Amino acid sequence: MNPQAKLIFTISLLLGTTITISSNHWIMAWTGLEINTLAILPLISKSHHPRSIEAATKYFLTQAAASTLVLFSSMTNAWSTGQWDITQLSHPTSSLILTSAIAMKLGLVPFHFWFPEVLQGSPLSTGLILSTIMKLPPITLLYMTSSSLNPTLLTTLAILSVAIGGWMGLNQTQIRKILAFSSISHLGWMTIVIIYNPKLTLLNFYLYTMMTAAVFLTLNSIKVLKLSTLMTAWTKVPSLNAMLLLTLLSLAGLPPLTGFLPKWLIIQELTKQEMIPAATLISLLSLLSLFFYLRLAYCTTITLPPHTTNHMKQWRTGKSTHALVAILTTMSVILLPISPMILTII
């Protein structure tokens, strides 16, 4: 892709995200979401492969439908209350429509079907943007309207997302699809607590973004898309593979690592709100996603391929992202001991 075009699309992405997260009026928030959608489409379809074009089409249709629902929800609210302010969403029908629209934008169950397909058809760099930056504007809208949303509906969507995200990821061999289902599962954890402690949702999102960025950048460095090629990737940069193992275990939420922090705090918050059955259920369902993270980690460092491979083994990757990967991986592994300081910040 032309560097100038790429620069324009990247600036448009940042502009759209900034407009949405800093707006008070529903029309401005909708405008930011539309700019985001239009800016990411060329980045999804830049390889001109039929699968990329299909992914861009699916993305466009779902996001356009979700944006229409956001507009419809805000108009319904303005019709009944006379308020266009995002924080003044008091009409129950409007909040129901908005929850559906945001669930569609984020890829929460039952509106999740587009996300694995779109991620599978996108390059790894675009997949990173789709999994992280593109989730920020919808989560911000949820954050701003959290006081007027329906707790039962959000809890149901969250538990279903963790269940389906873990269950459908078990059988995948394509790494991008595994990361898509991982994203759906993490979004379930963020959604369940947004009404009770919205800042905790944002903390979870920041830590998830950091760990996912480390995974995507590592995979992009060693050019791996399938589990079978991941098994032979240890010859390229052994140290990078060891770092990928730690990041995957952190993403799974194992205790000594950073990924355990949001899960621990969310379970604690749910227990405070006397939602012990929901906390128990979501903890048990996260074991499903733990299985495919362990499978990825096993393929990364522990397994040697049983057959000789035909492709050339590479001992240097020639990528300049190693310093960034090192920083992100370090933060993904060692932030748990400073959790009291993080809690005083949020």
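Residues numbered from 1 in each chain as written. Predicted model: local features only at pLDDT ≥ 70, side-chain atom pairs only at ≥ 80, totals over all residues. Heavy atoms only, no water.

- Under an unreviewed UniProt entry, the name given to the chain is NADH-ubiquinone oxidoreductase chain 2, and the organism recorded is Spinus spinus.
- Its UniProt record gives the chain the following Catalytic activity (unreviewed entry) comment, quoted word for word: "a ubiquinone + NADH + 5 H(+)(in) = a ubiquinol + NAD(+) + 4 H(+)(out)".
- The heading Function (unreviewed entry) in the UniProt record of the chain holds the text "Core subunit of the mitochondrial membrane respiratory chain NADH dehydrogenase (Complex I) which catalyzes electron transfer from NADH through the respiratory chain, using ubiquinone as an electron acceptor. Essential for the catalytic activity and assembly of complex I." (UniProt positions renumbered as here; feature names shortened; annotations may be inferred.)

**Re helix H13 (residues 260-272)**
Right, on to step 1. Helix length check: H13 (13 residues) gives 18 Å between terminal C-alpha atoms against 18 Å at 1.5 Å per residue, within 8%.
Right, on to step 2. Those residues of H13 that sit buried are Leu261, Pro262, Lys263, Leu265, Ile266, Glu269 and Leu270.
Right, on to step 3. Residues of H13 that are buried in the fold lie against helix H9 (175-192), helix H10 (198-222), helix H12 (238-252), helix H14 (276-302) and helix H16 (339-345).
Right, on to step 4. Count one or two residues on from H13 and you reach glutamate 274, which has phi positive near 60°. (Helix = DSSP H or I, 4+ residues; strand = E, 2+ residues; numbered from the N terminus. Expected span 1.5 Å × (residues − 1). Buried < 20%, exposed > 50% of the residue type's maximum accessible area, 1.4 Å probe, protein only. Contact = heavy atoms within 4.5 Å.)

**Quick notes on unusual backbone geometry**
Trans peptide bonds make up most of the peptide bonds, and negative phi angles are found at most residues other than glycine.
Right, on to step 1. Cis geometry marks the peptide bond from valine 109 to proline 110; its omega dihedral reads 5°.
Right, on to step 2. As for its placement among the helices and strands, proline 110 is situated in the loop between helix H4 (92-106) and helix H5 (114-120).
Right, on to step 3. Phi is positive for lysine 223, which is not a glycine, with a value near 55°.
Right, on to step 4. Tracing the backbone shows lysine 223 in the loop between H10 and helix H11 (227-230).

**Here we look at the packing of aromatic side chains**
Right, on to step 1. In this structure the tally under the stated criterion is 5 aromatic pairs.
Right, on to step 2. With a centroid separation of 5.6 Å and 65° between ring planes, the pair formed by tyrosine 59 and tryptophan 114 is classed as edge-to-face. Of this pair, tyrosine 59 sits in helix H3 (residues 50-81) while tryptophan 114 sits in helix H5, placing them 55 residues apart in sequence. The pair tyrosine 59 / tryptophan 114 is uniform in exposure class, with both members buried.
Right, on to step 3. Judged by centre distance (5.1 Å) and plane angle (50°), the rings of phenylalanine 292 and tyrosine 293 are tilted.
Right, on to step 4. Judged by relative accessible area, which is 2%, tyrosine 293 ranks as buried.
Right, on to step 5. An aromatic cluster is present here, built from Tyr59, Trp114 and Phe115 joined pairwise through their rings.
Right, on to step 6. In this arrangement the basic side chain of lysine 263 is found over the ring face of tryptophan 189, its NZ or CZ atom lying 5.1 Å from the centre. (Phe/Tyr/Trp six-rings, centres within 6.5 Å; stacked < 30°, edge-to-face > 60°. Lys NZ or Arg CZ within 6 Å of the ring centre and 35° of its normal.)

**Focus on a nonpolar patch on the surface**
Right, on to step 1. The grouping of Ile338, Met341, Leu343, Ile345 and Ile346 at the surface amounts to a nonpolar patch, some 440 Å² of accessible area in total.
Right, on to step 2. With respect to the element layout, isoleucine 346 can be found in the segment after H16.
Right, on to step 3. Owing to a relative accessible area of 33%, isoleucine 346 belongs among the partly exposed residues under this scheme. (Patch = residues over 30% accessible without salt bridge, like charges linked within 9 Å, V, L, I, M, F, W, Y side chains within 5 Å. Areas by Shrake-Rupley, 256 points an atom, 1.4 Å probe, with all protein chains shown as cover. Salt bridge = Lys/Arg side-chain N within 4 Å of Asp/Glu carboxyl O.)

**So, the nonpolar core**
Across soluble globular proteins, nonpolar side chains have a tendency to be buried as a group.
Right, on to step 1. Counting 100 residues, the largest nonpolar core has Ile40, Tyr59, Leu130, Ile192, Leu219 and Leu230 as the members making the most contacts within it.
Right, on to step 2. The element best represented in this core is H10, accounting for 15 residues.
Right, on to step 3. Ignoring sequence-local partners within four residues, the contact set of leucine 130 consists of Ile40, Ile44, Tyr59, Phe115, Val118, Leu119, Ser122 and Lys135. (Core = buried A, V, L, I, M, F, W, Y, C linked by side-chain atoms within 4.5 Å.)

**Remarks on the pattern of salt bridges**
Right, on to step 1. Overall, the coordinates contain 3 salt bridges when judged by the stated rule.
Right, on to step 2. We note a salt bridge from lysine 58 to glutamate 117, for which the minimum N-O separation is 3.8 Å. Pair noted here: lysine 58 is in helix H3 and glutamate 117 is in helix H5, with a separation of 59 residues, a long-range link.
Right, on to step 3. Shared partners join several salt bridges into a network, and the residues in it are Glu54, Lys58, Glu117 and Lys177.

**A few points about the side chain of asparagine 204**
Right, on to step 1. By the element assignment, asparagine 204 lies in helix H10.
Right, on to step 2. Accessibility expressed as a relative area gives 4% for asparagine 204, which makes it buried.
Right, on to step 3. Contacts of asparagine 204, omitting those with residues within four sequence positions, involve Trp189, Met190, Pro262 and Ile266.

**Things to note about the UniProt feature "domain: NADH:quinone oxidoreductase/Mrp antiporter transmembrane" (unreviewed entry) in the chain**
Right, on to step 1. The UniProt record annotates "domain: NADH:quinone oxidoreductase/Mrp antiporter transmembrane" (unreviewed entry) at residues 23-288.
Right, on to step 2. For residues 23-288, helix accounts for 74% and strand for 0%, while the C-alpha atoms at its two ends are 38 Å apart.

**A closer look at the packing of H9 against H14**
Right, on to step 1. Relative orientation of the contacting elements H9 and H14 amounts to 160°, with a least axis distance of 11 Å. On the basis of their axis angle, the class for H9 and H14 is roughly antiparallel. Along this stretch, H9 crosses H14, giving a crossing that reads as left-handed. For the pair H9 and H14, the contacting residues are Ile175, Ile178, Phe181, Ser182, Ser185, His186, Gly188, Trp189 and Ile192 in the first and Ala278, Ile282, Ser283, Ser286, Ser289, Phe292, Tyr293 and Leu296 in the second.
Right, on to step 2. Looking at the contact of H9 with H14, its residues break down into 10 nonpolar, 7 polar and no charged. (Axes fitted to C-alpha atoms, helices over the stretch in contact; angles between N-to-C directions. Parallel < 35°, antiparallel > 145°, perpendicular 65-115°, else oblique. Left-handed = near helix turned anticlockwise from the far one by under 90°. Nonpolar A, V, L, I, M, F, W, Y, C, P; charged D, E, K, R; others polar.)

**Quick notes on the side chain of arginine 176**
Right, on to step 1. Examined against the element boundaries, arginine 176 turns out to sit in helix H9.
Right, on to step 2. In this structure arginine 176 is buried but unpaired, with glutamate 117 as the nearest side chain of opposite charge at 11 Å. (Lys, Arg positive; Asp, Glu negative; His and termini not counted.)

**What about the environment of threonine 235?**
Right, on to step 1. Relative to the helices and strands, threonine 235 resides in the loop between H11 and H12.
Right, on to step 2. Taking relative accessible area as the criterion, threonine 235 reaches 17% and is therefore assigned buried.
Right, on to step 3. C-alpha separation for the pair threonine 235 and threonine 68, spaced 167 residues apart in sequence, amounts to 49 Å.

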